[in-house]
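Read off the chains here:
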Amino acid sequence: MDGSKPTLTQINSVLDRVYKWSSDQGYRGYNKHDGLNSPILATLFGWGKWPRIGAIQIVMRAPVNLRPILLVPKTYNPKGLALFAQGLFDRYRIIGTSKYLAEAELLLGLLSDLKSRGPWSGDCWGYQYSWRDPGFFAPSGMPNAVVTSFVCEALLDGYRLTEKPSYLESVGSAIEFFLKDLTVLKDSTDELCLSYMPLPMTMRVIDVSILVSAIIAQYTALSEDQRHRDEARRLCNYVVKQQTNYGAWFYTDPPGDSLIRHDNYHTGFILDALCRYMDASGDTQWVEQYQQGLEFYATRLFNSEGSPRWMSDQDYPHDIHGAAQGILTFCEGRAKDRYLSKALQIVSWVLDKMYSPEGRFYYQDTGYFRRKFTLLRWCNAWMARSLSKLSLLLSAERHT
């Protein structure tokens, strides 16, 4: 696109192709951390912590997609399905064509079928592959707070459009999972911190608590159930209090528990969840912290031409997920007046560097080469969600 700002027509044309390509895959695809879904790697390396980590990292960091060679199957990703559904809901809001609403609801129905089975207190979702982190091992289907919160966002969107009680009831059920099954890592009068998974854990992943907070606040605003307003406030307060004096958040508390520092998309997660919490609850005491975080995000986690930095102190790889998250964050209602031009700049960079006209997005630009394969949730689902939100915003501005 030679750096020019994308038009609404161009964005919608790209969305048509992206949804067509993704639908043709049956919304199944490869995932960033799915190396252990390879029967070959599972047999050779699935027996211990560091072999598992090594197998996942080799597949994740390879310059080409090794998954077909290693017989990794394409699977559904509940987070990806939720993102695709939210994008379709936005397309329905813009165009009003029933096929978008019908397909979004079809994906929500599929998500209902993909709920994690086990001794959980409520509806919950996880990844369809086993993965190993230095701090834990998650077998396939193990639910976690982040995936469940993103599915809840899609269900809340569906409820706002259709008023179907089952969508809101599922969110209420998921809140029981959050508050009863996740390990409580901090609990005081003013702060509450929950674990990433319903496993014995000590690592505090910062974005978890505020993602849950945003779900509870929205559910409380839409329902007659007001029981957990205080938990939402304390979860949000815990995360806001972890903000540095220069406006950033580390991935974990304490920071030394993870090699990830001030990274791109987790910062966007926190900012968006804080915005959703404030909008739903009417509790706007943290507007200043939000604005300071936005400024750090815009100036320290994106380059001047729109490419997403990996971390504030590390430029490459430029990751498509980071680009998509930036578009979403800069389109939020509390950010768009100041940062919409930044979102458009990111789109221009993406379409120049990271898009194939067949309707798919590339994974990463390392600075030396591009990983030009597509991980469906990581690439297409995130970009479908972000471009649909941008399209909705630009369409509304056109009619004002």
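This text follows the structure it describes.
Rules and cut-offs
- Residues numbered from 1 in each chain as written.
- Predicted model: local features only at pLDDT ≥ 70, side-chain atom pairs only at ≥ 80, totals over all residues.
- Heavy atoms only, no water.
- Helix = DSSP H or I, 4+ residues; strand = E, 2+ residues; numbered from the N terminus.
- Rg over C-alpha atoms; globule rule 2.2 N^0.38 Å.
- Buried < 20%, exposed > 50% of the residue type's maximum accessible area, 1.4 Å probe, protein only.
- Contact = heavy atoms within 4.5 Å.
- Areas by Shrake-Rupley, 256 points an atom, 1.4 Å probe, with all protein chains shown as cover.
- Lys, Arg positive; Asp, Glu negative; His and termini not counted.
- Charge placed at Lys NZ, Arg CZ, Asp CG, Glu CD.
- Pairing = 2+ DSSP bridges.
- Phe/Tyr/Trp six-rings, centres within 6.5 Å; stacked < 30°, edge-to-face > 60°.
- Lys NZ or Arg CZ within 6 Å of the ring centre and 35° of its normal.
- Salt bridge = Lys/Arg side-chain N within 4 Å of Asp/Glu carboxyl O.
- Patch = residues over 30% accessible without salt bridge, like charges linked within 9 Å, V, L, I, M, F, W, Y side chains within 5 Å.
- Expected span 1.5 Å × (residues − 1).
- Axes fitted to C-alpha atoms, helices over the stretch in contact; angles between N-to-C directions.
- Parallel < 35°, antiparallel > 145°, perpendicular 65-115°, else oblique.
- Left-handed = near helix turned anticlockwise from the far one by under 90°.
- Nonpolar A, V, L, I, M, F, W, Y, C, P; charged D, E, K, R; others polar.

## Some thoughts on the overall build of the protein
- The helix and strand inventory of the protein stands at 14 helices and 11 strands.
- For 400 residues, the compact-globule estimate of 2.2 N^0.38 gives 21 Å, and the protein sits close to it at 20 Å.
- Across its three principal axes, the protein shows a C-alpha extent of roughly 60 × 55 × 45 Å.
- Among the 400 residues that make up the protein, the fraction classed as buried is 62%.
- A separation threshold of at least 6 residues defines the contact pool for the protein, and within that pool the share at least 24 residues apart is 69%.
- For the protein, the exposed surface amounts to about 15600 Å²; the carbon and sulfur share of it is 52%.
- Charge-centre separation for the protein: the mean point of 44 positive side chains lies 5 Å from the mean point of 42 negative side chains.

## Some details on the sheet that holds strand β7 (residues 318–319)
- Strand order in the open sheet made by the 3 strands is β7-β10-β11, with antiparallel pairing throughout. Every other strand in the sheet has two partners, leaving β7 and β11 (370–371) as the edge strands with one partner each.
- Across 2 bridges, the pairing between strand β10 (residues 364–365) and β11 is antiparallel. Along β11, the bridge assignment pairs Gln364 with Arg371.

## Points about the packing of aromatic side chains
- Tallied over the full model, the rule gives 22 aromatic pairs.
- Seen in terms of ring centroids, Phe330 and Tyr339 are 5.4 Å apart; in terms of plane orientation they differ by 25°. Their pairing is stacked.
- Here Tyr355 and Phe361 contribute two aromatic rings whose centre-to-centre distance is 5.0 Å and whose plane-to-plane angle is 45°, an arrangement assigned as tilted.
- Taking the relative accessible area as the measure of exposure, Phe361 reaches 0% and is therefore buried.
- Among the aromatic residues, those joined into a ring-pair cluster are Tyr127, Tyr129, Trp131, Phe136 and Tyr196.
- Above the plane of the ring of Phe137 lies Arg52, whose end atom (NZ or CZ) is 3.9 Å from the centre.

## Topic: the pattern of salt bridges
- According to the stated counting rule, one finds 26 salt bridges in the structure shown.
- Salt-bridge contacts for Lys20 lead to Asp24; the nearest nitrogen and oxygen are separated by 2.7 Å. In this pair, Lys20 and Asp24 are both assigned in helix α1 (residues 8–24), 4 residues apart and thus about one turn of the helix distant.
- Here Asp187 makes a salt bridge to Arg234, at a shortest N to O gap of 2.6 Å. Of this pair, Asp187 sits in strand β3 (residues 184–187) while Arg234 sits in helix α9 (residues 229–240), and the two are 47 residues apart along the sequence.
- According to the relative accessible area criterion, Asp187 is exposed, its value standing at 54%.
- Three or more residues are tied together by salt bridges with common partners; here these are Asp90, Arg93, Asp157, Arg160 and Arg385.

## Notes on a nonpolar patch on the surface
- Taken together, the side chains of Ile40, Leu44, Phe45 and Leu71 make up a nonpolar region of the molecular surface, amounting to roughly 350 Å² of accessible area.
- Mapped onto the fold, Leu44 is located in helix α2 (residues 39–45).

## So, the pairing of β3
- Bridge count for β3 against strand β4 (residues 192–194) is 3 bridges, and the pairing is antiparallel. Looking at the pairing, Lys186 lines up with Cys193 of β4.
- Connecting β3 to the next strand, β4, in antiparallel fashion are 4 residues.

## Section: helix α13 (residues 336–353)
- In this model, α13 (18 residues) spans 24 Å end to end at C-alpha, consistent with the 26 Å of a helix rising 1.5 Å per residue.
- For α13, every residue scored as buried is listed here: Tyr339, Leu340, Lys342, Ala343, Leu344, Ile346, Val347, Ser348, Trp349, Val350 and Leu351.

## A look at the packing of helix α6 (residues 145–162) against helix α7 (residues 165–181)
- Between α6 and α7, the shortest axis-to-axis distance is 8 Å and the interhelical angle comes to 155°. Comparing their axes, α7 and α6 come out roughly antiparallel. In the crossing of α6 with α7, the sense of the turn from one axis to the other is left-handed. Residue-level contacts link Ala145, Thr148, Ser149, Cys152, Leu155, Leu156, Gly158, Tyr159 and Thr162 of α6 to Pro165, Tyr167, Leu168, Ser170, Val171, Ala174, Phe177 and Phe178 of α7.
- In the contact of α6 with α7, the residues fall into 12 nonpolar, 5 polar and no charged.

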